[in-house]
Amino acid sequence: MKHHKYPTIRSIGVVRFFGIPVSPDKRYPLDSIIIHQRRELWLARLNICDANIKTKYLVCNLHFVFGKPSYYLQKNYPDWAPSVSLNKAITDSTRLQRRVLYSYNREAMFMNTLAKNTQQPNKENNINITIHSPHPFEVNENLNSTDSLLTEEIQDSPMDLSTSKPCYSVVDEEPSLSEHSQELVSELQKEIEKLTAQLEKMNAEYVSLKKEFAMYCNRPITSNFFSKCQNSDKWMRVYTSLSTAKTFEILFKAIQSGIPENNNFKLCKRQQLFLTLVKLSHNPTDIDLAFRCDISEPTVSRYFHSWIDCIYYKLQTHVLIWPLLSQLQVAMPMCFRRHYPNTVSIMDCFETQIQIPHDRNDQAATYSTYKSRNTVKYLISATPNGTINFISKGYAGRKSDQFIVRHSGYIDNLKPGDEVLADKGFEVAEEIGLKGAKLTTPAFKTAAQLTQLETEISRQVSNVRIHIEREIGCMRVKFDIMRGPVIMSNLNTFQDNVCFYDKIVAVCCILSNLNPTIIPFE
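Residues numbered from 1 in each chain as written. Predicted model: local features only at pLDDT ≥ 70, side-chain atom pairs only at ≥ 80, totals over all residues. Heavy atoms only, no water.

Inclusion rule: UniProt positions are given in the numbering used here, feature names are shortened, and annotations may be inferred rather than shown by experiment.
Per an unreviewed UniProt entry, the chain carries the name THAP-type domain-containing protein and comes from Daphnia galeata. As its UniProt record puts it under Cofactor (unreviewed entry), the chain is described as follows: "a divalent metal cation".

Following this line, the structure appears as structure tokens:
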């Protein structure tokens, strides 16, 4: 900091003068407040109006308890403002008065030196001259009489000037302290200076951090696009596929700790999350989002990847959960309660088109004969309430449904007494039976025509199993990014043995669970 720690000091002989504190640069607001308060206290004690100050006022050291003003941060010290002999404390000096006072003090110091070096036993002949006047410029009125007195004393006190040594100190009236006390005082002064420096440094850090925090909190919303949608359920539902704006706030508060604070971000965290949800719902190009939010294309990609990872790792284990059968039976819809009360899962597979790989082996592995294109396949499961409770990682489109069920870890979630509904293409009844669970599928056509019982069973199974296909269809409608085609970079980027597009699909399932269910309770 470039302001003075103490008021302006002027030394004239023995007496020292201090100027009234002046407010420093406004770039340091905390110091400006303290020094402004100190200036007002000085003016109040000296009975001066700040508006009437036209000349330079000086206050001598005799108006302070310890002879000088204290440090400007030491508000509890007695010398934070003058407090001794304040009747005539202010000196409006002129150049002539200062020159006369300087000459007078110099002669007085010289005479004191001579008197100290004579060492005569008669104390009456010793010369001891000390200026005690709290109003040094009043000496000018009796200057002639003082000069004559000094001349007489010099004549009455002969001395050898050749043996005298120059000394420029003035007799101190205060009693001398012992060496131990002086050492103790010096140590305390050093400790006080050290603590004062630390306090000043901490105050500076506090002010800078407070300014930085205020700038971050009061950062204006640069995107007009987000400000219009933030408090509107309609536009939040259109652009993010979340049912209400309150759901957006709940989601943000649950995951915001996963993104570190950074003042270099042009968009605040809410805007970044909103950008990510818009990307999932409508899958616009990065250049489109960069134009809407006034940022660069690499920044859009960086925000999207960061928030997808944040949602995936923060909410996957808390939202995509496998409930117990007893928990599901509490609020099971009537269509399941009548015929399939032990159902814990409705499973199915869905495929998403991908870009054609350059490698021929990859082309053959990802080609789906059912879709007649290159795809990536996922196994999805939902509870009777319509909540997604399992999503597998992506498999090549050529893999069969049975292979994915056996290797995705789906069977490990089943418990004895559970019932699973699936399409008739899932021939995994043996694997599920080993867990003590039951697989229910529509009847297979073993003859030319199904019997009446098989037809009725197939109709009942299809009426409730259709809900998983409705769930998949709603996810494709809400999140355009699941329609494809998927770019190869999202399939080739792996972290913790999970590719980035697997995280995107899992995040879409998480967001789907935050919305109301599509299966009616009745």
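**Overview of the overall build of the chain**
Stated precisely, the cut-off is as follows: Secondary structure is summarised from DSSP: a helix means a run of H or I of at least four residues, a strand means a run of E of at least two, and numbering begins at the N terminus for each. Residue burial is assigned from relative accessible area. The probe radius is 1.4 Å, only protein chains are included, and a residue is buried under 20% of its type maximum, exposed over 50%, and partly exposed in between. Residue contacts are defined here by distance: any two heavy atoms, one from each residue, within 4.5 Å place the two residues in contact. In this description, accessible areas are obtained by the Shrake-Rupley approach with a 1.4 Å probe, and a residue is regarded as covered only by the protein chains that are shown.
Tallying secondary structure elements over the chain gives 18 helices and 13 strands in all. Taken across its 522 residues, the chain has 40% of its residues classed as buried. Long-range pairs, those at least 24 residues apart, make up 64% of the contacts in the chain with a sequence separation of at least 6. Surface exposure of the chain reaches about 30600 Å², of which carbon and sulfur atoms provide 53%.

**Comments concerning the pairing of strand S5 (residues 343–353)**
How we decide: For two strands to be treated as a pair, DSSP must find no fewer than two bridges joining them.
Among the eleven residues that make up S5, ten are buried, leaving the element largely enclosed by the rest of the structure. Bridge analysis of S5 against strand S7 (residues 373–382) gives eight bridges, and the strand direction is antiparallel. Within the sheet, the bridge partner assigned to Phe350 lies in S7 and is Tyr378.

**Examining the nonpolar core**
Note the following rule: To qualify as a nonpolar core, a set must consist of buried Ala, Val, Leu, Ile, Met, Phe, Trp, Tyr and Cys residues joined through side-chain atoms within 4.5 Å.
Ranked by size, the top nonpolar core spans 90 residues in total, and within it Leu280, Met347 and Tyr501 carry the most contacts. For Leu280, the residues in contact, after removing those within four places along its chain, are Phe304, Ile308, Phe479, Asp480, Ile481, Ile504, Val507, Cys508 and Leu511. Core analysis: the next-biggest nonpolar cluster, separate from the first, contains nine residues, Phe18, Leu43, Val59 and Ala81 among them.

**Here's the deal with helix H7 (residues 245–255)**
Quick reminder of the rule: An arc is given here, and it is the one of the directions from the helix axis to the C-beta atoms.
Buried within H7 are the following residues: Ala245, Thr247, Phe248, Leu251, Phe252 and Ile255. One side of H7 holds all its buried residues, which, seen down the axis, span an arc of 155 degrees. Counted as exposed and oriented over 90 degrees from the buried face of H7: Lys246, Ile250 and Lys253. Buried residues along H7 sit in contact with helix H5 (224–229), helix H6 (233–240), helix H8 (269–282), helix H10 (297–319) and helix H18 (500–514).

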